[in-house]
Amino acid sequence: MSSNPAGSSSSDNRPIGVFDSGLGGLTVLRALRDAFPTENFLYLGDTARLPYGSKSPETIRKYSEQNLHFLARNDVKAMVIACNSASTQMRDDSFDGKPLYNVIDPGAQAAVKASSRGRIGLMGTRATVNSGAYAEEIKKLKPDFQVFSQACPLLVPLAEEGWDADPVTNLIVYRYLQTLMQEQIDTLILGCTHYPLLAGSIQRVTGSSVALVDSGEAIAELMRNDFTSGRLKKSDSDNGTIRICITDASGPFEGLSRKILGGDAPAPELTNI
Ligand code: DGL
């Protein structure tokens, strides 16, 4: 990394801050790191208060604001809400004067682009499904498209266990997706950043004719446009770095983090927010 943390006037070496309730947001971080390998990242997993998806909108909003303040205090240049449940409550495009990204808007845009027949399925936490945020955004873009939603509350713990393509997970995913498959969806939004960790089980049930939309890739596309337009300044580091902070260290975070980000993923630091 350059010795000047802010970089030159045309660059900015401060990290991009990313948060989720747990490790699901690491799927977004992975997509961002792969898209922008010279950027530095600070990740916050609020593992002490996971899950968010079963909590009220007010509580999710309060936790999300606290997480964003933590990132802002750590001098990030932009912030990414790598959690659908939190994104439903925070749709502004800036926080503390810095660019703010949520996963709903790029996810809805990517789904509309991917859909061949205008029949879009959404799987998510109860908070995400009950908010109606995806359906609202998709209707704004394509009023004639139909959105079919299914809350899948059992999937986050399975993802946190690392149980992709396990017979138990396959069966639960099959049961959750029955109604959506009967509606003959052509596209399925993975409306929880934990779900890409279960993509094997999910695609096994949908078959290859249903396009899966992953928030991580959708948000990387949006940020690429902002780097091009100058809304975000690039880092001039040779190699980007990753720092991971978590608010509780009891779970299997470290092993799964290495599985998601690769063997050189840093050990998580326990932090107070
Ligand atoms: N990763 C979060 C999301 O995208 C869900 C996990 C949770 O319920 O906290 O909604």
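My aim in this report is to walk through the structure given alongside it, one point at a time. (Residues numbered from 1 in each chain as written. Predicted model: local features only at pLDDT ≥ 70, side-chain atom pairs only at ≥ 80, totals over all residues. Heavy atoms only, no water.)

Now for the packing of aromatic side chains. Applying the stated criterion to the full structure yields two aromatic pairs. Judged by centre distance (5.5 Å) and plane angle (50 degrees), the rings of Y52 and Y63 are tilted. One end of the pair, Y52, is in the loop between β2 (41-45) and α2 (57-73); the other, Y63, is in helix α2, and 11 residues separate them in sequence. Note on accessibility: Y52 and Y63 belong to one class, buried. Between R49 and the ring centre of Y63, over which it is positioned, the NZ or CZ distance is 3.8 Å. (Phe/Tyr/Trp six-rings, centres within 6.5 Å; stacked < 30°, edge-to-face > 60°. Helix = DSSP H or I, 4+ residues; strand = E, 2+ residues; numbered from the N terminus. Buried < 20%, exposed > 50% of the residue type's maximum accessible area, 1.4 Å probe, protein only. Lys NZ or Arg CZ within 6 Å of the ring centre and 35° of its normal.)

Okay, the site of the ligand next. Around the ligand sit 14 residues, and of these S21, Y52, G53, N84 and S85 come closest. One of the backbone N or O atoms of T193 is found 2.8 Å from an oxygen atom in the ligand. In this structure, H194 approaches the ligand through a side-chain N or O atom, which is 2.8 Å from a nitrogen atom. For the ligand, whose accessible area on its own is 290 Å², the fraction buried by protein is 99%. Its residues placed into classes, the shell around the ligand shows six nonpolar, seven polar and one charged. (Near = heavy atom within 4 Å. Polar contact = N/O pair within 3.5 Å; in protein donor to acceptor, adjacent residues only side chain to side chain. Areas by Shrake-Rupley, 256 points an atom, 1.4 Å probe, with all protein chains shown as cover. Nonpolar A, V, L, I, M, F, W, Y, C, P; charged D, E, K, R; others polar.)

Turning our eyes to something else, we now look at the pairing of strand β3 (residues 78-81). Of the two faces of β3, the one carrying A78 and V80 and the one carrying M79 and I81 are both buried. Of the pairings in the sheet, the one linking β3 to strand β5 (residues 98-101) comprises two bridges and is parallel in character. Within the sheet, the bridge partner assigned to M79 lies in β5 and is L100. (Pairing = 2+ DSSP bridges.)

Looking now at the side chain of T47. Along the chain, T47 falls in the loop between β2 and α2. A distance of 2.7 Å separates a polar side-chain atom of T47 from the backbone oxygen of D248. Residues contacting T47, with those up to four places away along its chain left out, are S21, G22, I246, T247, D248 and F253. (Contact = heavy atoms within 4.5 Å.)

This next bit is on the environment of K139. The topology assignment puts K139 in helix α6 (residues 133-141). Relative accessible area serves as the criterion here: at 37%, K139 is assigned to the partly exposed category. With residues near it in sequence (within four places) discarded, K139 still touches F145 and Q146. For K139, the side chain forms a polar contact with the main-chain oxygen of F145, separated by 2.5 Å.

Before going further, it helps to examine the sheet that holds strand β1 (residues 16-20). Pairing is mixed across the open sheet formed by seven strands, whose spatial order is β4-β5-β3-β1-β2-β10-β11. The two strands at the open ends of the sheet, each matched to only one other strand, are β4 (94-95) and β11 (269-270). Judged from the two bridges that link them, strand β10 (residues 242-246) and β11 form a sheet pairing that is parallel. Paired with C245 across the strands is E269, a residue of β11. Contacting β1, β3 and β5, helix α10 (residues 215-229) crosses the sheet at an angle of about 155 degrees to β5. (Axes fitted to C-alpha atoms, helices over the stretch in contact; angles between N-to-C directions.)

Without other data, these values stay purely geometric and don't point to any function.
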